Amino acid sequence: MTVPKADPDAVDRRSLHERIAADLRDDIMSGDLAPGSNLPSTAQLRERFEASGATVQKALRLLKDERLVVGRAGAAVTVREHRQRTVAPASLMAPNAPGEPYRWLTEAAKHGTHARTELLDVIETRPPADVRAALGLPPDGTAVLRRQILLVDDEPAELVEAYYPPDIARGTPLAERRRIRGGAPALLAAQGHPPRRSTDRVSARVPTQDQYRVLRLTSSMPVLRTLRVVTGDDDRPVEVTVMVKAGHLYELRYDFTAQDRDGDGNGNGA
């Protein structure tokens, strides 16, 4: 395989403070700058990046606005304890047991954070094209939308827009503007539509104006957009959800088990 070479004439057109913030952001996300640790001093950053003190301060302001670091006048700038959270989507799929809180809330509690949900709207509307296609709706078809924001320690974490086929949702709590006891997966199972399989399509995108506002973003850093299609018996779609979270604050973890492709038990395809 031929590895493409970097273009020696390529120019990074970002301003210097944005480039400095990008390099420090990578140090934070990779763990080179661990949670709770101090960032290098302004003098050290000036030397490393050959930049003025004012430029370094602008870079640090970006990281503070992005909720990656904290600092105050006269004190060292430190990496936030919860600078990035790892989410394992598979762990959130199964319906809750009776009386149990939402799995998303219990998973957050395991990491020492307080999570809650805020229901924004419940309407029947025409979904985006990719959602309509996943639900098998015609171009003018509608679905029941439940829109909510998930918050961690009172900071917006994820915008969730869940769409349901009208024949499944109408006349049920899915179409009512109130929280669903036990969560939507439990309700779907109780109605005879148990979630059997989930397929995620994850992409990085520039946030829309609405996402920027609801998630309280401070820059055009990419967001992670997950299109999740949940199917029940007979592979029928019972829920299609669009989930959007700040890309620099979250990572998704998927665990896979190697499978034998040809069924001979060797796993080598020979």
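Please give an account of unusual backbone geometry that cites residues and values.
Of note, Asp-154 is a non-glycine position whose phi angle comes to about 65°, a positive value. Of note in this structure, Arg-216 is not a glycine but carries a positive phi near 55°. Of note, Arg-216 is situated in the loop between helix H8 (209-214) and strand E8 (223-231).

Hey, could you go over the nonpolar core for me, with residue numbers and the actual values?
Nonpolar side chains in soluble globular proteins generally cluster together in the buried interior. Membership of the largest hydrophobic core comes to 40 residues, with the highest contact counts inside it found for Leu-24, Ile-28, Leu-39, Leu-60, Leu-63, Val-69 and Val-131. Elements supplying a minimum of two residues to this core: helix H1 (16-30), helix H2 (42-49), helix H3 (53-65), helix H5 (129-135), strand E5 (143-152), strand E6 (155-164), E8 and strand E9 (237-246). The element that contributes the greatest number of residues to this core is E5, accounting for 5 residues.

Go over the environment of Pro-237 with me, naming the residues and quoting the values.
In this structure, Pro-237 sits in strand E9. Pro-237 sits in the buried class, given a relative accessible area of 18%. Considering only alpha carbons, one finds Pro-237 and Tyr-164, 73 residues apart in sequence, at a separation of 8.5 Å. Aside from chain neighbours lying at most four places away, what touches Pro-237 is Ala-134, Leu-135, Pro-165, Val-230 and Thr-231.

Lay out the pattern of salt bridges with the relevant residues and their values.
For the structure shown, the criterion picks out 19 salt bridges. As a salt-bridge pair, Glu-155 and Arg-80 come within 3.3 Å of each other at their nearest N and O atoms. In this pair, Glu-155 is assigned in strand E6 and Arg-80 in the loop between strand E2 (78-79) and strand E3 (85-87), connecting sequence segments 75 residues apart. Since its relative accessible area comes to 23%, Glu-155 is described here as partly exposed.

Before we move on, can you summarise the confidence of the model for the protein chain with the specific residues and values?
Taken residue by residue, the protein chain gives an average pLDDT of 85. The fraction at 70 or more is 81%. Here helix H4 (residues 103-110) stands out as the least confident element of the protein chain, with mean pLDDT 62; H5 is the most confident, with 97.

Any details on the packing of H1 against H2? Residues and values, ideally.
Between two packed helices, what matters for the description is the angle formed by their axes and the separation of those axes. One can describe the packing of H1 onto H2 by two numbers: an axis separation of 12 Å at closest approach and a directional angle of 110°. By the angle class used here, H1 and H2 are roughly perpendicular. Once H1 is placed against H2, the crossing between them reads as right-handed. Seen from H1, the contacting residues are Ile-20, Asp-23, Leu-24 and Asp-27; seen from H2, they are Leu-45, Arg-48 and Phe-49. Residues of the contact of H1 with H2, tallied by class, amount to 4 nonpolar, no polar and 3 charged.

An account of the sheet that holds E8 is needed here, citing residue identities and associated values.
In a beta sheet, neighbouring strands pair by backbone hydrogen bonds and run either parallel or antiparallel. Overall, antiparallel pairing links the 6 strands, which are arranged E4-E5-E6-E9-E8-E7 in an open sheet. Strands with a single pairing partner mark the edges of an open sheet, and in this sheet they are strand E4 (115-125) and strand E7 (197-205). For this sheet, the mean angle separating the axes of adjacent strands, direction not counted, is 15°. When E7 meets E8, the two strands line up antiparallel, connected through 9 bridges. Looking across to E8, one finds that Ser-198 is bridged to Val-230.

Lay out the side chain of Thr-55 with the relevant residues and their values.
Examined against the element boundaries, Thr-55 turns out to sit in helix H3. Its relative accessible area of 18% is what places Thr-55 among the buried residues. Of note is the side chain of Thr-55, whose polar atom sits 3.0 Å from the side chain of Ser-52.

I'd love a proper account of the pairing of E5, names of residues and values included.
Every other side chain in a regular strand lies on the same face of the sheet, so the side chains alternate between the two faces. Summarising burial for E5: 9 of the 10 residues are buried, a large majority. As paired elements, E4 and E5 share 10 bridges and run antiparallel to each other. What sits directly across from Asp-121, in E5, is Arg-147. Here E5 runs beside E6; their pairing, made up of 9 bridges, is antiparallel. Each residue of the ladder has a partner; that of Arg-146, found in E6, is Ala-162.

Outline the packing of H1 against H3, supporting the account with residue identities and numerical values.
Running from N to C, H1 and H3 point in directions that differ by 50°, and their axes come no closer than 8 Å. Between H1 and H3, the interaxial angle falls into the category oblique. In the packing of H1 onto H3, the handedness of the crossing is right-handed. Two secondary-structure elements touch here, H1 through Leu-16, His-17, Glu-18, Ile-20, Ala-21, Leu-24, Arg-25 and Ile-28 and H3 through Thr-55, Lys-58, Ala-59, Leu-60, Leu-62 and Leu-63. Considered class by class, the residues forming the contact of H1 with H3 number 9 nonpolar, 2 polar and 3 charged.

Rules used throughout
- Residues numbered from 1 in each chain as written.
- Predicted model: local features only at pLDDT ≥ 70, side-chain atom pairs only at ≥ 80, totals over all residues.
- Heavy atoms only, no water.
- Helix = DSSP H or I, 4+ residues; strand = E, 2+ residues; numbered from the N terminus.
- Core = buried A, V, L, I, M, F, W, Y, C linked by side-chain atoms within 4.5 Å.
- Buried < 20%, exposed > 50% of the residue type's maximum accessible area, 1.4 Å probe, protein only.
- Contact = heavy atoms within 4.5 Å.
- Salt bridge = Lys/Arg side-chain N within 4 Å of Asp/Glu carboxyl O.
- pLDDT = per-residue confidence, 0-100.
- Axes fitted to C-alpha atoms, helices over the stretch in contact; angles between N-to-C directions.
- Parallel < 35°, antiparallel > 145°, perpendicular 65-115°, else oblique.
- Left-handed = near helix turned anticlockwise from the far one by under 90°.
- Nonpolar A, V, L, I, M, F, W, Y, C, P; charged D, E, K, R; others polar.
- Pairing = 2+ DSSP bridges.
- Polar contact = N/O pair within 3.5 Å; in protein donor to acceptor, adjacent residues only side chain to side chain.

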